[in-house]
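Tertiary structure, described
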Amino acid sequence: VALLGALTPLVKWHRKRLWVEAVFIYTVGGLASALAVGWLLGRTGTLLVHFKSALVWIVPLGAVIFAAREAGWISFPVPERKVQTESIWFHQFGPLQAAAMWGLHIGLGFFTRVTYMGFWVLVAALIITGDPRFGALVMGCYWLGRALPAWVAPVLTVHDDGKAGLRMMADATEQRVLFRRLHVAGLLCSALVGIFLALGGW
Amino acid sequence: MMKNSSQPTVPETGGIAVDLAAVLAAKPAGLQRATWMFVLLCLLLAASLARMELRYELLPLAGLFGWIQTGGL
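Residues numbered from 1 in each chain as written. Chains lettered and ligands numbered in written order. Predicted model: local features only at pLDDT ≥ 70, side-chain atom pairs only at ≥ 80, totals over all residues. Heavy atoms only, no water.

This model, assessed by the stated rule, comprises four salt bridges over all chains. One salt bridge connects Glu21(A) with Arg17(A), and the closest N-O pair in it is separated by 3.2 Å. Placement of both Glu21(A) and Arg17(A) in helix α3 (residues 16-47) is noted, with a separation of four residues, approximately one turn of the helix. The exposure class assigned to Glu21(A) is partly exposed, which follows from its relative accessible area of 31%. Residue Asp131(A) pairs with Arg55(B) through a salt bridge whose shortest N-O separation is 3.1 Å. (Salt bridge = Lys/Arg side-chain N within 4 Å of Asp/Glu carboxyl O. Helix = DSSP H or I, 4+ residues; strand = E, 2+ residues; numbered from the N terminus. Buried < 20%, exposed > 50% of the residue type's maximum accessible area, 1.4 Å probe, protein only.)

Here it is in structure tokens:
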């Protein structure tokens with residue numbers, strides 16, 4: 001959101017080329033981080049290969065438990081750093097360098113706030129899979145989905161007041177029920193995939 | 001909380017299928033429509049990847065999770 005709020009107004013300020021460069025750098029920077037993290041998760045899984053048969057049910061079980069949590073049926077704390085990336089980087093380093101740093105930072109996944117428990121399901125799945133290249137591929141897709149709002153923000157927030165980030169946040173707040181239901185649906189889908197994978201072999 | 005009065009409101013009472021039907025009927029703008037379009041894209045990708053290895057189903061799910069993570073802020 002810091003990036004959306006900082007960079008999206010560049011479009012309105014007739015600096016579209018700068019906006020494209022910044023969002024591109026943000027996407028590439030985050031992709032590099034995400035690929036590295038995915039690869040490391042898969043690599044970690046290769047060290048746990050002897051426990052694989054015992055671990056395969058963690059994904060569907062965890063996904064169902066997290067879905068119940070997202071639905072509000074149960075409540076328990078999850079590990080996370082309750083911080084977002086540093087918006088001040090924009091003023092310290094300029095839009096391009098800040099975008100790169102934001103991408104590298106957010107792309108790591110573990111070092112900023114995790115609002116969706118599906119992330120932890122993916123982490124567990126990649127460790128169990130124990131395939132570094134597949135891990136990188138999955139985390140790359142995760143990042144591309146995560147970076148896509150930065151690309152479409154100008155389309156979604158066509159306002160003349162230069163408050164695109166705030167508008168985006170307001171829209172997200174208004175759609176909280178929608179996202180909560182998607183949280184649950186996504187987790188149940190991953191539980192289903194996890195069950196089939198556990199039965200058929202990772 | 002700011003509200004964009006140009007966006008049609010969609011009832012939030014039904015399940016996901018009901019909401020989807022309402023969204024498609026109301027043709028809302030902005031984040032909500034983009035999210036549903038992205039969900040449909042992921043479902044199409046998942047359906048096409050189902051012919052390959054089952055674990056590839058995690059790819060569109062991961063993309064969707066990423067979108068939800070940002071949109072859920």
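What follows covers the confidence of the model for chain B. Residue and element names in this part refer to chain B. Model confidence for chain B is summarised by a mean pLDDT of 66, while 55% of its residues fall at 70 or above. Mean pLDDT in chain B bottoms out at helix α1 (residues 16-26), which sits at 47, and peaks at helix α3 (residues 58-71), which reaches 86. Here residues 1-28 is modelled with pLDDT under 50, and outside its nearest four sequence neighbours on either side it reaches 45 contacts, counting other chains as well. Two numbers describe this predicted complex: its pTM, 0.78, and its ipTM, 0.83. (pLDDT = per-residue confidence, 0-100. Contact = heavy atoms within 4.5 Å.)

It is worth spelling out the packing of aromatic side chains at this point. Residue and element names in this part refer to chain A. Applying the stated criterion across every chain, the model contains ten aromatic pairs over all chains. Judged by centre distance (5.4 Å) and plane angle (45 degrees), the rings of phenylalanine 119 and tyrosine 142 are tilted. With phenylalanine 119 in helix α8 (residues 118-129) and tyrosine 142 in helix α9 (residues 132-156), the pair connects residues that are 23 residues apart, well separated along the chain. Phenylalanine 119 gets classed as buried once you look at its relative accessible area, which sits at 1%. Here tyrosine 142 falls in the buried class, since its relative accessible area comes to 3%. (Phe/Tyr/Trp six-rings, centres within 6.5 Å; stacked < 30°, edge-to-face > 60°.)

Its 13 residues give helix α7 (residues 95-107) of chain A an end-to-end C-alpha distance of 17 Å, which sits within 8% of 18 Å, the value for a rise of 1.5 Å per residue. Within two residues after α7(A), Gly109(A) carries a phi angle of roughly 85 degrees, on the positive side. (Expected span 1.5 Å × (residues − 1).)

All names here are of chain A. At a minimum axis distance of 7 Å, the contact between α3 and α7 shows a crossing angle of 25 degrees. As summarised for this structure, α3 and α7 are arranged roughly parallel, according to the angle between their axes. For the crossing formed where α3 meets α7, the hand is right-handed. Here Leu18, Glu21, Ala22, Ile25, Tyr26, Gly29, Gly30, Ser33 and Ala34 of α3 come into contact with α7, specifically with Pro95, Leu96, Ala99, Ala100, Trp102, Gly103, Leu104, Ile106 and Gly107. A per-class count over the contact of α3 with α7 returns twelve nonpolar, five polar and one charged. (Axes fitted to C-alpha atoms, helices over the stretch in contact; angles between N-to-C directions. Parallel < 35°, antiparallel > 145°, perpendicular 65-115°, else oblique. Left-handed = near helix turned anticlockwise from the far one by under 90°. Nonpolar A, V, L, I, M, F, W, Y, C, P; charged D, E, K, R; others polar.)

By the definition in use, this model includes zero disulfides over all chains. Its sulfur unpaired, Cys141(A) is 9.3 Å from the next cysteine sulfur, which belongs to Cys42(B). (Disulfide = S-S within 2.5 Å.)

Counting residues in each nonpolar core, the largest one holds 61 residues, and the members touching the most others are Tyr26(A), Trp102(A), Val138(A), Met139(A), Tyr142(A), Leu187(A) and Leu58(B). With nine residues, helix α11 (residues 176-200) of chain A is the single largest residue contributor to this core. In this view, Leu187(A) contacts Ala63(A), Phe66(A), Ala67(A), Glu70(A), Tyr116(A), Met117(A), Gly118(A) and Val121(A); residues no more than four positions away in its chain are not counted. (Core = buried A, V, L, I, M, F, W, Y, C linked by side-chain atoms within 4.5 Å.)

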